[in-house]
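Structural features, examined
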Amino acid sequence: HLSMIGNVNERLLRGSLDLAIVESMAPNPELQCDVIDTVEHHVYCGPSHPLLKHDKLRFEDVEGFSFVAPASLPDGTSPDKWPAHRRRTIGMRVSQMQVAIDACQEIELLGVFAAPIAEHAGLTRLPLPVCDKTNLYMLRRKGLLVESKADLIAAEVAVQGAKHRR
């Protein structure tokens, strides 16, 4: 959530976090920020959802099915990357992604997730166009005098991201 970004920045600056990987960020001149990948967001479901029998779908085909979605932002929008101009039915709002994943797997709700997260969780992507693409950012403190574990992790993430893009 965007409201948590400031908290991440504060924790990095205080030293209670060494490294953060986030989808959105609030720039801070004291933090190093690198784009490490671009992630697609798609509609996913669990193994018993009735839409799995379809080889091709349109957004209009999912309007009658219920979605799990994160809590709305203060402006009323949903942060899950569902196209704002498209209609859908929200059957459940949650504050934790794992609860949303479990809802898709257990009670046949649809959800919009970043592809790596959903696929790692065992959800199945529906044959719909991509909902959105976002950058993944790696944030860490600038100017550490010695190489930190965060620097080593950052280097490895950069190498793995480059391999993934090939």
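Above: the structure in question.
Described below are features of the structure shown in this document.

How each quantity is defined
- Residues numbered from 1 in each chain as written.
- Predicted model: local features only at pLDDT ≥ 70, side-chain atom pairs only at ≥ 80, totals over all residues.
- Heavy atoms only, no water.
- Phe/Tyr/Trp six-rings, centres within 6.5 Å; stacked < 30°, edge-to-face > 60°.
- Helix = DSSP H or I, 4+ residues; strand = E, 2+ residues; numbered from the N terminus.
- Buried < 20%, exposed > 50% of the residue type's maximum accessible area, 1.4 Å probe, protein only.
- Lys NZ or Arg CZ within 6 Å of the ring centre and 35° of its normal.
- Polar contact = N/O pair within 3.5 Å; in protein donor to acceptor, adjacent residues only side chain to side chain.
- Arc of directions from axis to C-beta.
- Contact = heavy atoms within 4.5 Å.

**A look at the packing of aromatic side chains**
With the rule as written, the count across this model stands at two aromatic pairs. Between F59 and W82 the ring centres are 5.4 Å apart and the planes differ by 85°, which places this aromatic pair in the edge-to-face class. Of this pair, F59 sits in the loop between β2 (31-45) and β3 (66-70) while W82 sits in the loop between β3 and β4 (89-94), and the two are 23 residues apart along the sequence. In terms of burial, F59 and W82 fall into one category: buried. Linked through ring pairs, F59, F67 and W82 together constitute an aromatic cluster. The lysine or arginine in question, R88, covers the ring of F67, its NZ or CZ lying 5.2 Å from the ring centre.

**Side note on the side chain of R88**
Its location among the elements puts R88 in the loop between β3 and β4. A polar atom in the side chain of R88 sits 3.0 Å from the side chain of D80.

**Examining helix α2 (residues 97-107)**
All of the buried residues in α2 are A100, I101, A103 and C104. Each buried residue of α2 sits inside an arc of 155° when the element is viewed along its axis, so together they form one side. Contacts made by the buried residues of α2 are with β2, β3, β4, β5 (111-114) and α3 (115-120). E108 lies just past α2 and shows a positive phi near 60°.

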